[in-house]
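# Breakdown of the fold
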Amino acid sequence: MTALAAADSQVRRRIRVTGVVQGVGFRPFVQRLANELGLSGQVGNDTEGVLVEVEGRLPSVRYFEARLVEEAPPLARIDGVESSDVGALGELEFRIVESRAAGLVRTFVSPDVAVCDDCLGEMFDSTDRRYRYPFINCTNCGPRFTITVRLPYDRPNTTMSGFPLCDACAAEYHDAGDRRFHAQPVACAACGPRLWFEGRSGPSGRPGYRIGGTDDALTAAQQALGRGEIVAIKGLGGYHLACDATSNSAVEELRRRKARGDKPLAVMVDHLADAQSVAAIDPAEAALLASRQRPIVLVRRRPEAPVSGLIAPGNPYIGVMLPYTPVHHLLFEPVPGSDLPAPRVLVMTSGNLSDEPICYDDDDARRRLGRLADGWLIHNRPIHVPCDDSVVRVEAGEELPIRRSRGYAPLPLRLPFESVPVLAAGGELKNTFCLATGRDAWMSQHIGDMGSVETLAAFDRSTRQFGEIYQVAARRVAADAHPGYQTRRWAEGDPGRPAELVQHHHAHIASTMAEHGVPAGDRVIGVAFDGTGYGTDGAIWGGEVLVAGYGDFDRVGHLAYVPLPGGDAAIRKPYRAALAHLWSAGIEWAPDLPPVLAASDDERAVLQRQLERNFHCVPTSSMGRLFDAVSSLLGLRQSVSFEAQAAIELEATADAHLGSARDYRFDIEGSQMDPVPVLRAMVADLRGGQEVGAMAAGFHLALARLIADMAERSRRRTRIDQVALSGGVFQNVLLVRLAREELESRDFRVITHQVVPPNDGGLALGQAAVAGYRGSGRAEAGWQS
């Protein structure tokens, strides 16, 4: 056959597309592309992804295949394309066919994304039939993950199944030229979810009256907020508790009811310009704020910011986010015909008591938030999967996740090797779990701290939901090796599945490796700095240098052990950590030192006896506790009401004084990193009247040099030149920046977290990678010490 004849011949090709290709407008895109090129065939969803059969002239089919990947919809993520020739059928049109369930689940659920500009334009257009409709969405925006019950992603498999389409919406849904073509959550005021307001009545705290109608409900909510009341607002993945962020009394009352202490509260503002009046925002932070994920972004607060000082007491940073649901946007706009001013800045914090999971079921919200809220802004679109807000920082222009949840979960990460089916239970704090099989690792949304029955129930429910959605039956379970963790007990509670115990800091480093696709069999120099992790010797680790692969690790360095009296009490009272470090360093507890002044005479006497007799003292190499000790020693923070409060204030103080930083040095003795020279120099500087900020900066610079020095020692022994930084201490963007600069100046390659958090919220990925690698039978032997 001649080349010309081959080009004119009719061919039919079957194309399998996997990745995030359902609920993102992929089938309508395929149909439009096929029609544009004059091709016939069909496209449909199934549990493996999208299956396309396309028929036409060979050049047109090849052009179709190229554009299929290059021009995919903005919310799509293509992970694989497989094609094969099949017999031509002589069809004359291209159509979308019914979804079918077949084979293993290989497709992915899209995260929930912010309402798009096109939908907002319609919602505020008085001539549009969806004018002020609070659940407007299209193929490019709106709920996805939180409404998905099972795959394939079609309306009957979502919580929208209870809302039959009206004729107008059905016409859009079936019109290939419409933006809502096959948009599963599509709805309008005639057929979709509705909004109402419920208010308190009587002393019970439960809602007692109801106001229906969108504008009346919004007016009631705005009135309540204007009176300084607290309103529970149902969103995409659960409830927020909202109040006027400019009102000291409202914010104080919210803190009291929620038992929040000093932990910062996030705020929501209407526009990026409003955010810039609250905080100093650089271009990378602005891009994140306005992204379709719409996370909470931690930014530096302006001194003149129009918010209460109780939003983040003593903290130079503030968590800011922009509206991401139609309800949010409507809440920040005056209701037509009303002279009530719209809010400017609202607190938007998770709808729960501290340390409990977010409320997402309406009856549960009325019960659990009954004593917290004065009113409820509710809708009747069910939430199947609860999902809290994501939190991020920016380091060197790149995203540094603090909490990976709404907008990101459950997008999978690609493992650099084939994994057996594994369910990794994650950590005890900031819990997420990970379901992995083959090359895919699905990280869950943020679950929370596993200290309550409610959180454990939420964890158990969510693991079952993931298994149902992706139809993966994990053959083994991975968990942290800490014998006291709820997650370990949960993992060991099923005798039918073996539990793989993974050392805490090994999991941190493995998570960084997996995120960056470090090949199976390779090793890195891993620096794992955090507060608490159970060590293989029974001590509490937290200042570790590991030479690690996926299968095992060698502990080549650690912060010198310090006996910590009282265990967890030292976490709440940094002066205890400081006194322990001073005692270990042989530095007298003189009354001119801030941690000595912070403890009463009786308490100091008890602590001294404990240390001398080594009674109820836990040996620890924790870098987190050293940060607490330095913060206390410098007089910055003696007690904390939330995790890392002392370290956050130490970082902020240091960041403003890098130009005058003091010159401190750690000692390295064998495998031990000794902070004694730093502590002694600090005490001398305190007594010499040196500026506290210069001392805080000097501590950060000394730590960056220490990291590089330990990496140099490991490289000489192993010839490894790639360094992974992980653990909660590396939420400190100043330390990350200084360590990166120091390491790169010595020709190291540095990998840090950009997809999963460096804190315990990223542990599950590392656990899954370790257990999956070991389960494949390829684990290295003899690498743990």
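Residues numbered from 1 in each chain as written. Predicted model: local features only at pLDDT ≥ 70, side-chain atom pairs only at ≥ 80, totals over all residues. Heavy atoms only, no water.

Let us now look at the overall build of the protein. A tally of regular secondary structure across the protein gives 24 helices and 30 strands. In terms of overall size, the protein behaves like a compact globule, its C-alpha atoms giving a radius of gyration of 28 Å where 785 residues would be expected to give roughly 28 Å. Summarising its shape, the C-alpha atoms of the protein cover approximately 90 × 70 × 50 Å along the three principal directions. Sequence separation of at least 24 residues holds for 72% of the intrachain contacts in the protein that already meet a minimum separation of 6. As displayed, the protein offers around 28,300 Å² of accessible surface, 48% of which is attributable to carbon and sulfur atoms. Here the protein contributes 84 positive and 98 negative side-chain charges, whose respective centroids are spaced 2 Å apart. (Helix = DSSP H or I, 4+ residues; strand = E, 2+ residues; numbered from the N terminus. Rg over C-alpha atoms; globule rule 2.2 N^0.38 Å. Contact = heavy atoms within 4.5 Å. Areas by Shrake-Rupley, 256 points an atom, 1.4 Å probe, with all protein chains shown as cover. Lys, Arg positive; Asp, Glu negative; His and termini not counted. Charge placed at Lys NZ, Arg CZ, Asp CG, Glu CD.)

A few words now on the sheet that holds strand β19 (residues 434-443). Across the sheet, four strands lie side by side as β19-β18-β20-β21; this open sheet has mixed pairing. Every interior strand has two partners, whereas the edge strands, β19 and β21 (499-502), have only one. Along the sheet, successive strands turn relative to each other by an average axial angle of 60°, direction set aside. Two elements, strand β20 (residues 476-480) and β21, share four bridges in a ladder whose sense is parallel. Across the sheet, residue D480 finds its bridge partner in β21, namely V502. Taken strand by strand, helix α24 (residues 763-775) contacts β18 (412-424), β19, β20 and β21, and its axis lies near 80° from that of β18. (Pairing = 2+ DSSP bridges. Axes fitted to C-alpha atoms, helices over the stretch in contact; angles between N-to-C directions.)

Each pair of packed helices can be summarised by the angle the axes make with each other and by the distance between the axes. For the pair helix α16 (residues 574-584) and helix α19 (residues 623-633), interaxial distance at closest approach is 7 Å and the crossing angle is 95°. Considering their axes alone, α16 and α19 lie roughly perpendicular with respect to each other. Here α16 contributes P574, Y575, A577, A578, H581 and L582 to the contact with α19, which in turn contributes R625, L626, D628, A629, S632 and L633. Per-class residue counts for the contact of α16 with α19 are eight nonpolar, two polar and two charged. (Parallel < 35°, antiparallel > 145°, perpendicular 65-115°, else oblique. Nonpolar A, V, L, I, M, F, W, Y, C, P; charged D, E, K, R; others polar.)

Attention shifts here to the pattern of salt bridges. Summed over the entire model, instances satisfying the criterion amount to 59 salt bridges. A salt bridge links R227 to E229, with the nearest nitrogen and oxygen atoms 3.2 Å apart. A salt bridge links R555 to D537, with the nearest nitrogen and oxygen atoms 3.9 Å apart. Residue R555 is found in strand β24 (residues 553-559), and its partner D537 is found in the loop between β22 (524-534) and β23 (540-548); the two are separated by 18 residues along the sequence. Residue D537 is classed as partly exposed on the basis of its relative accessible area of 45%. Three or more residues joined by partner-sharing salt bridges are found here, namely R12, R14, E53, E55, E91 and R95. (Salt bridge = Lys/Arg side-chain N within 4 Å of Asp/Glu carboxyl O. Buried < 20%, exposed > 50% of the residue type's maximum accessible area, 1.4 Å probe, protein only.)

Turning to the sheet that holds strand β1 (residues 10-20), a few remarks are in order. Strand order in the open sheet formed by five strands is β4-β1-β3-β2-β5, and the pairing between neighbours is mixed. This sheet does not close on itself; its edge strands, each paired only once, are β4 (77-86) and β5 (94-96). Looking at each pair of strands side by side, their axes are set apart by 15° on average, direction ignored. In this sheet, β4 lies alongside β1 in antiparallel orientation, the contact comprising nine bridges. Bridging across to β4, R13 finds its partner in D85. Sheet strands in contact with helix α2 (residues 26-36) are β1, β2 (40-46), β3 (49-57), β4 and β5, and its direction is about 170° off that of β5. Helix α3 (residues 58-70) contacts β1, β3 and β4 of the sheet and is inclined by roughly 150° relative to β3.

This paragraph deals with the nonpolar core. Counting residues in each nonpolar core, the largest one holds 96 residues, and the members touching the most others are F26, V30, V52, F64, L331, L377 and Y470. Counting residues per element, this core draws most heavily on helix α6 (residues 214-226), which supplies six residues. Not counting the four nearest positions on each side in its chain, L331 is found in contact with L218, A221, Q222, L225, I233, A342, P343, L346, M348 and L377. Grouped together as the second largest cluster of nonpolar side chains are 61 residues, L626, A696, F699 and L738 included. (Core = buried A, V, L, I, M, F, W, Y, C linked by side-chain atoms within 4.5 Å.)

This brings us to empty space enclosed by the protein. Scanning the model with the defined rule gives five cavities of 30 Å³ or more in all. Volume-wise, the largest cavity comes out at about 140 Å³. Every residue lining the largest cavity is counted, 19 residues in all, and those nearest its centre are P134, L236, T325, P326 and R381. Elements supplying a minimum of two residues to the lining of the largest cavity: β8 (231-234) and α10 (326-331). With three residues, α10 is the largest single contributor of residues to the lining of the largest cavity. Considering only enclosed or pocket space, the second largest cavity measures out at about 70 Å³ in volume. Residue lining of the second largest cavity: V21, Q22, G23, V24, G25, F26, R27, P28, N45, Y153, H182 and Q184, and that is the complete set. Here the lining of the second largest cavity gets three residues from one element, more than from any other, and that element is α2. (1 Å grid on protein atoms, 1.4 Å probe; cavity = no way out; pocket = protein on both sides within 12 Å on 5 of 7 lines; lining within 4 Å. Points joined across faces, edges and corners; volume = space filled by probe spheres on them.)

Before going further, it helps to spend a moment on helix α18 (residues 601-613). The α-helix advances 3.6 residues per turn, and as a result positions three or four apart in sequence lie on the same side. Compared with an ideal rise of 1.5 Å per residue, which puts 13 residues at 18 Å, α18 spans 18 Å between its outermost C-alpha atoms and is within 8% of the ideal. For α18, the complete set of buried residues consists of E603, R604, L607, Q610 and L611. The arc enclosing the buried residues of α18, seen along the axis, measures out at 125°, which places them on a common side. Those residues of α18 that are exposed and aimed more than 90 degrees away from the buried face are D601, D602, E612 and R613. For α18, the secondary structure elements touched by its buried residues are β25 (562-565), α16, α17 (594-598) and β26 (617-620). (Expected span 1.5 Å × (residues − 1). Arc of directions from axis to C-beta.)

Another point: the pairing of β20. On any regular strand, side chains alternate: one points to one face of the sheet, the next to the other face. Counted residue by residue, β20 has four buried out of five residues, so it is predominantly covered. Pairing between β18 and β20: three bridges, direction parallel. Each residue of the ladder has a partner; that of L423, found in β20, is V477. Handedness of the β20-helix α13 (residues 486-491)-β21 crossover: right-handed. (Right-handed = clockwise from strand over helix to strand, strands pointing away.)

The next point concerns the packing of helix α20 (residues 645-655) against helix α23 (residues 733-744). Interaxial distance between α20 and α23 falls to 9 Å at its minimum, and their mutual angle equals 55°. Here α20 is positioned oblique relative to α23, judged by the angle of their axes. Where α20 approaches α23, its residues E651, A654 and D655 are matched on the opposing element by V733, L734 and R737. Taken together, the residues of the contact of α20 with α23 break down into three nonpolar, no polar and three charged.

Moving on: the confidence of the model for the protein. A residue-level look at the protein finds 96% of positions with pLDDT of 70 or above and a mean pLDDT of 92. For the stretch residues 1-5, pLDDT sits under 50, and the model shows one contact to residues farther than four places along the chain or on other chains. Counting interchain partners and residues more than four positions distant, the pLDDT-below-50 stretch residues 780-785 has 19 contacts. (pLDDT = per-residue confidence, 0-100.)

Next up on the list: α24. Helix length check: α24, at 13 residues, gives a terminal C-alpha distance of 18 Å against a target of 18 Å (1.5 Å per residue), a fit within 8%. α24 sits mainly inside the fold: twelve of its 13 residues count as buried. Along α24, the residues that are buried comprise L763, A764, L765, G766, Q767, A768, A769, V770, A771, G772, Y773 and R774. Where α24 is buried, its residues meet β18, β19, β20, β21 and α14 (504-515).

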